[in-house]
Amino acid sequence: MNYREKIKDKKRIIIKIGSSSITHPETGAINLTKLEILVRELCDIKNMGKDVILVSSGAIAVGRQAIGFHHRPKNVAEKQACAAIGQAQLMMIYQKLFSEYGHQAAQVLMTKNTMIDNLSRRNATNTFEELLALGAIPIVNENDTVSTYEIQFGDNDTLSAIVAALVGADMLILLSDINGLYTDDPRKNPDAEFIDIVESLDDHLMSMGKGSGSDVGTGGMATKLSAAKIATSSGADMVIANGDDFHVIHKILQGEKIGTFFHENAKEDFYLIDVLENEG
């Protein structure tokens, strides 16, 4: 069965990008050229009549560079200060770029408490639905400014999968600094084989996630596989691909063989609140 061909028919798409995908590795400063390509790709998805939500990392990375930190923030206070400065700068750039292509961006900041509390979760769903109905493009991030260990998702891979389940998305694309899923770490094992399609996530596949590829993000392959479990169980297909060139977005949506494709495996007993409590 050609699963990728069916991607063309997807109607509600979540795109997640990692910090390393929107910053210059040499300086940690934001990569404006890549960001403009990303925005153009997302606006074109909207122009096709589809819903699109962006889950964007980068607030702490951008804030860290703005403050002049030459190290990754270590304590909670440093991370929250960097997030407060970086999130404002990031959204200002996003708003400017989206407006140039005739679209409106909207900021949505979340913590795990937003999702665990029944009323807050319903309100979040209603907000997303209204924003999408108005034609806006929600830009989601964890609210790192107030989030602490006890109430954080911890990484935007997990957050993007939870958002996909929350809004009933039928496609999730995770873009990071890795090409997809391999049988082993390709950086360490030259014989590692690339996995093109995953029809079902079993315990063996879940055990393959190890490590993270950069010093600016928080999610390694383990978090991506966890996200795949959530997304596919909620009824969404998912692709993990390299975010080095954001033109891959329209290529993936055209059904091209890029990244690792995870086929949806909707479960009748899937409840988002159970996922959140198990993550806690």
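Look above for the structure.
Along each chain, residues carry numbers from 1 onward, in the same order as the chain's sequence is written. Note on the predicted model: pLDDT of at least 70 is required for a residue's local features to be given, and 80 or more for side-chain atom pairs to be given and counted; whole-chain, interface and lining totals, by contrast, use all residues. To obtain the side-chain values, all non-hydrogen atoms of the structure were used and water was disregarded.

J.: Hey, could you go over the sheet that holds strand β5 (residues 171-176) for me, with residue numbers and the actual values?
T.: Here a strand pair is declared whenever DSSP counts at least two bridges between the two strands. Under the scheme used here, helices are H or I runs from DSSP no shorter than 4 residues and strands are E runs no shorter than 2 residues, and both carry numbers assigned from the N terminus. Across the sheet, 8 strands lie side by side as β3-β4-β2-β1-β5-β9-β10-β8; this open sheet has mixed pairing. Edge positions in the sheet fall to β3 (105-110) and β8 (197-198), since each of these pairs with one other strand and no more. The sheet contact formed by strand β1 (residues 12-17) and β5 spans 5 bridges and is parallel. In the strand pairing of β5, Ile-15 is matched with Ile-173. The sheet contacts of helix α3 (residues 76-100) involve β1, β2 (51-56), β3 and β4 (137-142), and relative to β3 the element is tilted by about 155°. Residue contacts are counted whenever heavy atoms from the two residues lie within 4.5 Å of one another. Under this scheme, a helix contributes an axis fitted over its contacting stretch, all axes are lines through C-alpha atoms, and angles between N-to-C directions fall in the 0 to 180 degree range. Packing against the sheet, helix α6 (residues 156-167) makes contact with β1, β2, β3, β4 and β5, and its axis sits at approximately 170° to β1.

J.: Tell me about the packing of helix α1 (residues 32-47) against α3, and name the residues and values.
T.: Two packed helices can be described by the angle between their axes and the distance between those axes. For the pair α1 and α3, interaxial distance at closest approach is 9 Å and the crossing angle is 50°. Taken together, the axes of α1 and α3 lie oblique to each other. Note on packing geometry: the crossing formed by α1 with α3 is right-handed. When α1 is examined against α3, the residues Leu-32, Leu-35, Glu-36, Leu-38, Val-39, Leu-42 and Cys-43 are found in contact with a partner set consisting of Ile-93, Tyr-94, Leu-97, Phe-98 and Glu-100. Its residues assigned to classes, the contact of α1 with α3 comprises 10 nonpolar, no polar and 2 charged. Angle categories: roughly parallel below 35 degrees, roughly antiparallel above 145, roughly perpendicular from 65 to 115, and oblique for all the rest. Handedness of a crossing is defined here by the sense of rotation of the near helix relative to the far one, left-handed for an anticlockwise turn of less than a right angle and right-handed for a clockwise turn. Three residue categories are used. Nonpolar comprises Ala, Val, Leu, Ile, Met, Phe, Trp, Tyr, Cys and Pro, charged comprises Asp, Glu, Lys and Arg, and polar comprises the others, including Gly.

J.: Summarise the packing of aromatic side chains; cite the residues concerned and give the values.
T.: Pairing of aromatic side chains here covers Phe, Tyr and the six-membered ring of Trp, requires ring centres within 6.5 Å, and sorts the geometry by plane angle: under 30 degrees stacked, over 60 edge-to-face, intermediate tilted. If you walk through the whole model with that rule in mind, you get 3 aromatic pairs. Between Tyr-3 and Phe-261, the aromatic rings sit 5.8 Å apart at their centres with planes inclined by 5°, giving stacked as the arrangement. One end of the pair, Tyr-3, is in the segment before β1; the other, Phe-261, is in strand β10 (residues 260-262), with 258 residues separating them in the sequence. As far as burial versus exposure is concerned, Tyr-3 and Phe-261 are alike and both buried. Measuring from ring centre to ring centre gives 5.2 Å for Tyr-182 and Phe-194, while their planes differ by 75°; the resulting arrangement is edge-to-face. The rule is simple: take the accessible area with a 1.4 Å probe, protein chains only, and divide by the maximum for that residue type; under 20% is buried, over 50% is exposed, in between is partly exposed.

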